[in-house]
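Analysis of the macromolecular model
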There are 2 protein chains.
Amino acid sequence: MIQKLIRKIQKTNAPIVVGLDPTLKFVPEYIKQAAFEEYGETLEGAAEAVWQYNKGIVDAVCDLVPAVKPQIAMYEQFGIPGLAAFKKTVDYCKGKDLVVIADVKRGDIGSTSEAYAVGHLGGVQVGSKFCRGFDEDFVTVNPYLGSDGIKPFLKVCAEEKKGIFVLVKTSNPSSGELQDRLVKGAGENGERPLYEIVGEQVAAWGAEYMPEEGNYSYVGAVVGATYPEQGRILRELMPRAFILVPGYGAQGGKGADLVHFFREDGLGAIINSSRGIIAAYQQEKYARFGERGYADAARAAVLDMREDIASALESR
Amino acid sequence: MIQKLIRKIQKTNAPIVVGLDPTLKFVPEYIKQAAFEEYGETLEGAAEAVWQYNKGIVDAVCDLVPAVKPQIAMYEQFGIPGLAAFKKTVDYCKGKDLVVIADVKRGDIGSTSEAYAVGHLGGVQVGSKFCRGFDEDFVTVNPYLGSDGIKPFLKVCAEEKKGIFVLVKTSNPSSGELQDRLVKGAGENGERPLYEIVGEQVAAWGAEYMPEEGNYSYVGAVVGATYPEQGRILRELMPRAFILVPGYGAQGGKGADLVHFFREDGLGAIINSSRGIIAAYQQEKYARFGERGYADAARAAVLDMREDIASALESR
């Protein structure tokens, strides 16, 4: 699947993943009204609105980008109907040949972590049948519980030729509270921030889990666009890890900040934008599209983002 | 809700939470067969088997314990039907007046963390209606992303008078890979393990989020029974935090290890057992109950666990 991601990035010339993180505030009124008329002002109604909204965006951008990243929390907030809309979105995107990175940030231990791994990337044996739950292509994983929590994912990744992105340095303002702590007895100077230690683990896990061909591992990392300097260090520390980079656009990351996340081959990173694309029509810059043109506004925002990244990479 | 938990612990004299972490390996054959006959060897069939199995256990133990802790991963592995069985289990347990601690270990940032918080503890506005997704009483939360990830939960906890348990020191063998790292420039000796820093944050968050009455905060902590010495230190560091203690039984924690997690008032901790109770009939000790007596075996295991904890607390 990492190979497919790379091929699609090369074909689209867009190392971009569209974050499908819908909230009802983003969904145009006419879509909400239609959904509420059919299903009432219920969780089912909200889920239907989100699904129709997603479908419009996916149809408008699927030829431009290699991948989408639905954020499961945004669906989980609507309970079971919301999660059914998540699953419908995943399936629809796979039908459009998009790589699906499910932003689930799961993390647990042993058999529990295994349950998440088989639920999202693999399948379970039910009597004589093998059944798949969510069946995404990649998931994000939280490393706080240590390698007991990661290894069950690695096993499933190897079997399914799928991948994970481990949270290393997240894009949010308070990510440093734990991740930047200086750890004693590590590194050349006898101290090292925690995120570098996680980065080293990612590199070690990744070296064990390589596909048969290519330079990139099944094990990637999440590093926020808002921390370009840390991105540079981590890029060197994890040479075989694809880096999933959130925080571009709405969170403050710019094209010029991104160059450090890429390797010399122009690969090695994929930049996420969520609100900046899916709710582009709510920005002044794309207001001309209006509410009914929300999908076209998303397409325009993708084209602008592609240009921004390309020019940043050219001028490095 | 923390008050309700305390009242129920006092009433049952059992600081015990039953981990409803079903896998198909635990579910008796006759339950699986009935479910597969009705729904086929499908995710729906697996979910039905798990639900029937849970129901038997809950009926057998609900008068003995204050709380249950369904582990959502074990349901998520069966996709949407599995999560529907999770929701059914949550509702059924609430109907039996049990406190429901959902072991979801979610953790994200900003609006995403808020989505998890409202999805699991609160509700969302859908048009003119307020709708609740999962509506559990407590959830477990991962702190790796810092306070941006925790604060949205705290806000919802205060509104709903519900609570969270923050992962501080987990019970698994590799929990130390990150959690035990010695952090520079913290604590009296200029260094301190990471879990203590998280424990301090829990204490600080907890001091802000106290219910109107009582000594315990809406903000609790997870500390594994397998690390009793760390439990003692963390107990002092977080005086107002209830500690959720996994790792008893199957993972190796014993009654005598648990005393450090309790405060002088005999409160302040609730001990989880999952496999040790729900799959008791598969142990030699309870084999006499047989497969069809799995629920009675669970009840016997709860009684033994209650005794083990009480005698450990008495002899301290």
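Notes on the structure in this doc start here. (Residues numbered from 1 in each chain as written. Chains lettered and ligands numbered in written order. Predicted model: local features only at pLDDT ≥ 70, side-chain atom pairs only at ≥ 80, totals over all residues. Heavy atoms only, no water.)

**Re the pattern of salt bridges**
Residues and elements named next belong to chain A.
- Scanning the model with the defined rule gives 48 salt bridges over all chains in all.
- A salt bridge links Lys 94 to Asp 135, with the nearest nitrogen and oxygen atoms 3.0 Å apart. A residue pair is termed long-range when its members are at least 10 positions apart, and Lys 94 in helix H5 (residues 79–95) and Asp 135 in the loop between strand E5 (129–131) and strand E6 (138–141) qualify at 41 residues.
- Given a relative accessible area of 28%, Lys 94 falls into the partly exposed group.
- On the accessibility criterion, Asp 135 (16% relative accessible area) is buried.
- Through salt bridges with shared partners, a single network forms among Lys 94, Arg 132, Asp 135, Glu 160 and Lys 162. (Salt bridge = Lys/Arg side-chain N within 4 Å of Asp/Glu carboxyl O. Helix = DSSP H or I, 4+ residues; strand = E, 2+ residues; numbered from the N terminus. Buried < 20%, exposed > 50% of the residue type's maximum accessible area, 1.4 Å probe, protein only.)

**Describing unusual backbone geometry**
Residue and element names in this part refer to chain B.
- The phi dihedral of Asp 97 is positive, around 65°, even though this residue is not glycine.
- Along the chain, the position of Asp 97 falls in the loop between helix H5 (79–95) and strand E3 (99–106).
- Unusually for a residue other than glycine, Lys 161 sits at a positive phi of about 55°.
- Its location among the elements puts Lys 161 in the loop between helix H7 (147–160) and strand E7 (163–169).
- What makes Lys 161 partly exposed here is its relative accessible area of 44%.

**Observations regarding the relation of the copies chain B and chain A**
- Screw-axis analysis of chain B against chain A gives a translation of 0.0 Å along the axis, an RMSD of 0.0 Å, and a rotation angle of 180°. The two molecules are tied by a two-fold rotation axis, judged by turn and shift. No C-alpha of chain B approaches the rotation axis more nearly than that of Val 183 of chain B, which lies at 2.3 Å.
- Comparing contact sets, 100% of the residues at the interface of chain B also lie at the interface in chain A, consistent with an isologous, same-surface contact. (Least-squares fit on C-alpha atoms with pLDDT ≥ 70 in both. Contact = heavy atoms within 4.5 Å.)

**Some remarks on the interface of chain B and chain A**
- On the side of chain A, 71 residues touch chain B, which itself brings 71 residues to the contact.
- Sorting the residues of chain B by area buried against chain A places Glu 41, Tyr 144 and Leu 178 of chain B first, and these three jointly supply 14% of that buried surface.
- Along the contact surface separating chain B from chain A lie six salt bridges.
- Between Asp 108 of chain B and Lys 105 of chain A there is a salt bridge, with its nearest N and O atoms 2.8 Å apart.
- Ranked by residue count, the leading element in the side of chain B that touches chain A is helix H6 (residues 110–120) of chain B, at seven residues. (Buried area = accessible area lost by both parts, 1.4 Å probe.)

**Quick look at the sheet that holds strand E11 (residues 243–245) of chain A**
Residue and element names in this part refer to chain A.
- The strand order around the closed barrel built from eight strands is E1-E2-E3-E6-E7-E10-E11-E12, with neighbouring strands paired in parallel fashion. Strand after strand, the sheet turns through a mean of 30° between neighbouring axes, direction not considered.
- Summarising the sheet, strand E2 (residues 67–70) and strand E3 (residues 99–106) pair through two bridges and their orientation is parallel. Looking across to E3, one finds that Val 68 is bridged to Val 100. (Pairing = 2+ DSSP bridges. Axes fitted to C-alpha atoms, helices over the stretch in contact; angles between N-to-C directions.)

**Describing the packing of H5 of chain A against H5 of chain B**
- The contact between H5 of chain A and H5 of chain B brings their axes to 10 Å, and the two run at 170°. Accordingly, the angle class assigned to the pair H5 of chain A and H5 of chain B is roughly antiparallel. Contact with H5 of chain A, carried on its side by Ile 80, Leu 83, Ala 84 and Lys 87 of chain A, involves Ile 80, Leu 83, Ala 84 and Lys 87 of chain B of H5 of chain B and no other residues of that element. (Parallel < 35°, antiparallel > 145°, perpendicular 65-115°, else oblique.)

**Focus on helix H10 (residues 228–237) of chain B**
- Among all positions of H10 of chain B, only Gln 230, Gly 231, Leu 234 and Arg 235 of chain B are buried. Relative to the axis of H10 of chain B, the buried residues are bounded by an arc of 140° and lie together on one face. (Arc of directions from axis to C-beta.)

**Some details on the nonpolar core**
- Counting residues in each nonpolar core, the largest one holds 238 residues, and the members touching the most others are Ile 164 of chain A together with Ile 164 of chain B.
- Residues in contact with Ile 164 of chain B, not counting those within four places in the same chain, are Leu 121, Phe 138, Val 139, Val 141, Ile 150, Phe 153, Leu 154, Cys 157, Tyr 218, Val 219 and Gly 220 of chain B. (Core = buried A, V, L, I, M, F, W, Y, C linked by side-chain atoms within 4.5 Å.)

**Comments concerning the pairing of E7 of chain B**
Residue and element names in this part refer to chain B.
- Among the seven residues in E7, seven count as buried, and that is most of the element.
- As judged from the four bridges shared by strand E6 (residues 138–141) and E7, these two strands associate in the parallel manner. Residue pairing across strands places Thr 140 opposite Phe 165, the latter belonging to E7.
- Crossover connection from E6 via H7 to parallel E7: handedness right-handed. (Right-handed = clockwise from strand over helix to strand, strands pointing away.)

In short, geometric facts, not functional conclusions.
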